[in-house]
Amino acid sequence: MPNRISLSPTLEEKLLSAKKVVILSGAGVSAESGISTFRDKGGLWEKFKPEDLATPAAFQRNPKLVWEWYAYRRKKIQSVKPNPAHVAIARMEKIFPEFLLVTQNVDNLHQKAGSKKLVELHGNINRNKCFSCEKISSNFKPDSKTVPPLCPCGGYLRPDVVWFGELLPENALELAQRASLEAELFFSVGTSALVYPAASLPFLAKEAGAFVVEINTGETEISPAVDELLLGKAGETLPVIVEFLKRNGKK
Ligand code: BV8
Ligand code: ZN
């Protein structure tokens, strides 16, 4: 039975007056779709150490292991669908005059739920690029002879995601920073706020005067700094927010 989620009068007022809204999403938003998070118990990383798999050095050391870990995750993602959290976020995009979803997730579930105004800070697991020439390649044949498959230039293909120690896509990060600086209302949803520079965005928004709301099943690094912490599942909390907006004429 979902716990009763109540919004403070300040948050209700902000929801009705805000024109510019930003949502930062993390693995917790996809948890209710059945995708394990990175750092929760049983999370993806628990089985492996991040430095073992999600770094360029790891790929150079053992391209087959890293490619197969991503192939396992891709297969898992193919079998799951967006949950009420993704659907609520896609709905919020239509309600607020200026809205941006900044996701750290690479699972494509936001797009599947209909989100359009989004930036992917850490790339997308469904895209591949060449480890050598960086060319994006979507036409690799899954049953190709070599693992990982080869780019026409002879280099190995790798998932087009941002690994530790790699720079984030410049335009995505810039868009996310600019929107965070202008936001009146900033939501941090389902993220442990441990990974930088994504985790700096709530602070950027707060310093620039935004009302910062965190939605998480537990406390995180940023909980002491946010204006409102809604403890609960994203898939139960975000629909309460959308219901409130609809009840107050925000279509
Ligand atoms: C970089 C993609 C420049 C691949 C990922 C300071 C400044 C700059 C960099 C650093 C710095 N300090 C350290 C660094 C380096 C590093 C970093 O931040 N390390 C951390 C661990 C300390 N950052 C980088 O390397 C970044 N690059 O900065 O380049 C540079 C270059 C060279 C040298 C230095 C700097 C690149 C970071 C991107 C790494 N790529 N993934 C892939 O997915 O395989 S990170 C990975 O973590 C995922 O992308 C994930 O999205 C991200 C964050 O994790 P979360 O999404 O928050 O997930 P997590 O499991 O942690 O938390 C889930 C949360 O949900 C929990 O709080 C839980 O309570 C909650 N939850 C669970 N269920 C629910 C829920 N909430 C609501 N509802 C539920 N149902
Ligand atoms: Zn190549």
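Since this is a predicted model, take the numbers as computed values, not measurements. (Residues numbered from 1 in each chain as written. Chains lettered and ligands numbered in written order. Predicted model: local features only at pLDDT ≥ 70, side-chain atom pairs only at ≥ 80, totals over all residues. Heavy atoms only, no water.)

**Observations concerning the site of ligand 1**
Heads up, the rule is: Whether a residue is near a molecule or strand depends on its heavy atoms: if one lies within 4 Å, it is near. Identification of polar contacts relies on pairs of N or O atoms within 3.5 Å, with a donor-acceptor requirement for protein atoms, meaning one able to donate a hydrogen and the other able to accept it, and with residues adjacent in sequence counted only if both atoms are side-chain atoms. We place a 1 Å grid over just the protein atoms. Points where a 1.4 Å probe fits but has no way out form a cavity, open points with protein on both sides within 12 Å along at least 5 of 7 lines form a pocket, and any residue with an atom within 4 Å of a point lines it. Assignment of a molecule to a cavity or pocket requires that more than half of its atoms lie within 2 Å of the corresponding grid points. What counts as a helix is a DSSP run of H or I of at least four residues, what counts as a strand is a run of E of at least two, and both are numbered from the N terminus. Throughout this entry, Asp, Glu, Lys and Arg are counted as charged residues, while Ala, Val, Leu, Ile, Met, Phe, Trp, Tyr, Cys and Pro are counted as nonpolar. The remaining residues, Gly among them, count as polar. Source of the domain bounds: an automatic or database domain assignment.
Residues in close proximity to ligand 1 total 35 residues, the closest being Arg39, Arg73, Gly165, Thr191 and Ser192. Within the side chain of Glu32, a nitrogen or oxygen atom sits 2.9 Å from a nitrogen atom of ligand 1. In the environment of ligand 1, an oxygen atom lies 2.6 Å from a nitrogen or oxygen atom belonging to the side chain of Ser192. With respect to the detected pockets, ligand 1 is housed in the largest pocket. Of all elements in the fold, only helix H2 (28–31) and helix H6 (63–78) reach the threshold of two or more residues within the shell around ligand 1. Taken together, the residues of the shell around ligand 1 sort by class into 16 nonpolar, 13 polar and 6 charged. No fewer than three residues from each of domain 1 (9–35 + 81–122 + 168–247) and domain 2 (36–79 + 127–161) sit in the shell around ligand 1.

**Notes on the coordination of the zinc ion (ligand 2)**
Counted only if it meets this: The donor set covers N, O and S atoms within 2.8 Å of the metal, switching to 3.2 Å for Na, K and Ca, and it leaves out water, so a site may look short of donors. Square planar and octahedral sites, with four and six donors, are those where opposite donors lie more than 155 degrees apart and all other angles lie between 65 and 115, tetrahedral sites have four donors with every angle between 85 and 135 degrees, and the rest are irregular. The buried label goes to any residue with under 20% of its type's maximum accessible area, the exposed label to any with over 50%, and the partly exposed label to all in between, with areas taken from a 1.4 Å probe on protein chains only.
Bound to the zinc ion (ligand 2) on the protein side are Cys130 (SG), Cys133 (SG), Cys151 (SG) and Cys153 (SG), at distances that span 2.2 to 2.3 Å. Around the zinc ion (ligand 2), the 4 donor atoms sit at angles spanning 104 to 123 degrees, and that spread fits a shape best called tetrahedral. For the zinc ion (ligand 2), the donor residues sit on a single chain with the sequence spacing C-x2-C-x17-C-x1-C. With Cys133 in the loop between strand S4 (123–130) and strand S5 (136–137) and Cys151 in the loop between S5 and strand S6 (157–161), this residue pair connects regions lying 18 residues apart in the sequence. When its relative accessible area of 37% is taken as the criterion, Cys133 is described as partly exposed. Residue classification places Cys151 among the buried positions, given a relative accessible area of 7%.

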